[in-house]
Each structure stands twice: as C-alpha cells, then as structure tokens.
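# Understanding the architecture of this molecule
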Amino acid sequence: MSLPRISASLIVTAPLLASAARRAAAADPAAFNYRVLMVKRVGTGSFQDALVFPGGVQEPQDADSRTCAIRETFEETGLLLAKPPTAAPTVALDIGAQSFADLCAKHGLELPVCAQIGRWITPRAQKKRFDTRFFMLNVADDDRLLLAQLASARPQISELVSLGWFQPDEILEMNRRSELALFPPQFYILHELSRSTRWQDLASRGSSIRAGDADAVEPVLCKRSDGAVVGLLPGDAMYRCGETADAAHSAAVHVRDADLFCTPEDAAKQSSASLLRLHRLVMTRASSGGFYNIRLFKTATASPPKL
C-alpha cells in the first residue's frame, strides 16, 4: 500500500452574464445560472480521460493547501486567480519562468478566499494515492477583476487536453450515459453542487462550510458479483462508521455480496436500525480510468461528509 501524496484541487464556479442568465431562465426556469470549470488531463498524467477539477500535488513553495490549489489552477489553465493590491488591474504580469510564489511576492498579489469543502483520500487498493483537500472559489457577478480573467482560460498543452465550463447536472448526465468518466470525489462534489441552481445559493452555503481533517473521506472499494464497483463511504453500515479506515477496509473484505446490492428501498424494510444506514456509490469501472454511471445511495440516517 502506497502512502497518499498531499494535494489540493480548486472548484471554480462562474456566474452567467445577466443576458445569458435571462435567456436560460426563459427557456428553463430551473436552469443553472452558473458554470463549473472542469479539465481533462493528458494521457500521461493522473486521472487521464476523466473530467476533474484543476489541481495537483503540493510543493515546498506552497504556503498551504489553498495556495497549492490556486497555483495548480494557474499552471494548468493560465488563470491567475489573484488580485493586485490596487483597485484596478494595473500590474503587467511578466509571468515568464517565475515561480508562482515569486510572481505573487513581486507584485503583491492577493490570493482569493476559498472555502475548503472536503478532503478525499484515494482508496488504498490504488497504486497512485492522493490526500486531496478541495477548495471552492465562487466568483460573484460583481467581481470584475476575477471575471475578466475567466475568459482567458486556456489548457496548457503539457498538462491538459481540454477545459470547459459546464453545468453540474450536464456532467452528471453524461456520466450516467457512459459518455465521460468521473472519479468519486468529483462525482460527489458535482452531485452536491447540482442541488443549487443559483450561484448566490452556493455563496450562502459556502460561507458556513468548513470540512476539517476529521471529515476525510476514504472510500472502501468492493466488487459485486455483477461486475459493478461499490464505494463504501463513512456513515454506511458496511463501512463500520466510527472505526478507523483500516478497520473499515479490513471489514470490507468480509462484506456479503448480497449487502452490496442493497438499495434505500431495501434498507427501509430492514428491522434493525443499524442496517438502515446506506452511504455508498455504485458504479461501472471505465477501461481508460475513472467510472461510468455513478449512482449515490444515501439514506436519511447516514452521516455524509460535510460539503
């Protein structure tokens, strides 16, 4: 079992322009008035062929995980999500070969406030493992400095194949149709984002969200007899909630196959309250990496990670 590398990822949400938002609302009153930045990595890197949020491994130059997330987003997309100390972007940024830390120090750039909304650890059965803290930057429609930068996002060819701005629900639908692969953290976060169709609601939720180290999510992967993969999450009765991840991993080896087929409807019929707790992902492994058709099974009695 390899030790996970400390890393960080940034979820950037951007509001639609007022005119575009009005058109979207006219066509569909339930339409999202924001988009989420997603990237697809080159085939030689981690998470190839799957859509992920920008991010990467924390380096010595990074003051903390938040700095790492912002730096990696800059290196992968060209988005320098930082502000000069003046009210207007008067600093001509000579990016060149400077490190991100040197660039910020030279120009006195101010990094944006980003809420940490989760921490996920790669399952121990995987060869490459990461201990990733996820941060969210919810750009407001009156933040001209940051909005001006978003249109300049371009995939850096050494890092990415492509990037794009998507509605959370359209990514989830493409995954359901097996048109693109996702990994559990990205699916779970997009699923939670999809509950809010307005960026204003994301802002109000994000102000009170702070998932600390105690809320780390390390899925335990089990294979069902029908070939599906079940990712057990903290709070699931089969995860042994309250015990260590080591205990949960060991217990998963002895999980009955029948228990892996349990649905919320099945759980509701159980007489024992301990068996009512479902908090799991059921998914199909993609040959190129990631998973298709991910479904979240969560009962009201499960205790999910804070997000």
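So, a few notes on the structure that sits alongside this text. (Residues numbered from 1 in each chain as written. Predicted model: local features only at pLDDT ≥ 70, side-chain atom pairs only at ≥ 80, totals over all residues. Heavy atoms only, no water.)

Before going further, it helps to spend a moment on the nonpolar core. Of all hydrophobic cores here, the largest spans 33 residues; its most connected members are Ile11, Met38, Phe53, Ile171, Leu182, Leu190 and Leu193. Elements supplying a minimum of two residues to this core: strand 2 (34-41), strand 5 (115-121), strand 6 (130-138), helix 5 (168-176), helix 6 (184-193), helix 7 (199-206), strand 10 (279-285) and strand 11 (291-298). It is helix 6 that contributes the most residues to this core, five residues altogether. Apart from the residues lying within four places of it in its own chain, the contact partners of Ile171 are Leu51, Phe166, Leu180, Leu182 and Leu190. Judged by nonpolar contacts, the second largest core, of 25 residues, contains Ala14, Leu37, Leu80 and Val139. (Core = buried A, V, L, I, M, F, W, Y, C linked by side-chain atoms within 4.5 Å. Buried < 20%, exposed > 50% of the residue type's maximum accessible area, 1.4 Å probe, protein only. Helix = DSSP H or I, 4+ residues; strand = E, 2+ residues; numbered from the N terminus. Contact = heavy atoms within 4.5 Å.)

Another point: the packing of helix 5 against helix 6. It is at 8 Å that the axes of helix 5 and helix 6 come closest, and there the two elements cross at 135°. Relative to helix 6, helix 5 is oriented oblique. Crossing geometry of helix 5 relative to helix 6 is assigned as left-handed. Across the interface between the two elements, Pro168, Ile171 and Leu172 of helix 5 pack against Phe187, Leu190, His191 and Leu193 of helix 6. The residue inventory of the contact of helix 5 with helix 6, partitioned by class, reads six nonpolar, one polar and no charged. (Axes fitted to C-alpha atoms, helices over the stretch in contact; angles between N-to-C directions. Parallel < 35°, antiparallel > 145°, perpendicular 65-115°, else oblique. Left-handed = near helix turned anticlockwise from the far one by under 90°. Nonpolar A, V, L, I, M, F, W, Y, C, P; charged D, E, K, R; others polar.)

With that out of the way, let us pick up the pattern of salt bridges. Scanning all chains against the criterion turns up 17 salt bridges. When the shortest N-O distance is used, the salt bridge between Glu173 and Arg176 registers 2.6 Å. You can see Glu173 and its partner Arg176 sitting in helix 5, three residues apart, about one turn around the helix. Judged by its relative accessible area of 28%, Glu173 is partly exposed. Residue classification places Arg176 among the partly exposed residues on the basis of a relative accessible area of 49%. Close ionic contact of Arg224 with Asp226 constitutes a salt bridge, the shortest N to O distance being 2.8 Å. Taking relative accessible area as the criterion, Arg224 reaches 10% and is therefore assigned buried. With a relative accessible area of 45%, Asp226 lands in the partly exposed category. Sharing partners across several salt bridges, the network here consists of Glu59, Asp62, Arg71, Glu72 and Glu75. (Salt bridge = Lys/Arg side-chain N within 4 Å of Asp/Glu carboxyl O.)

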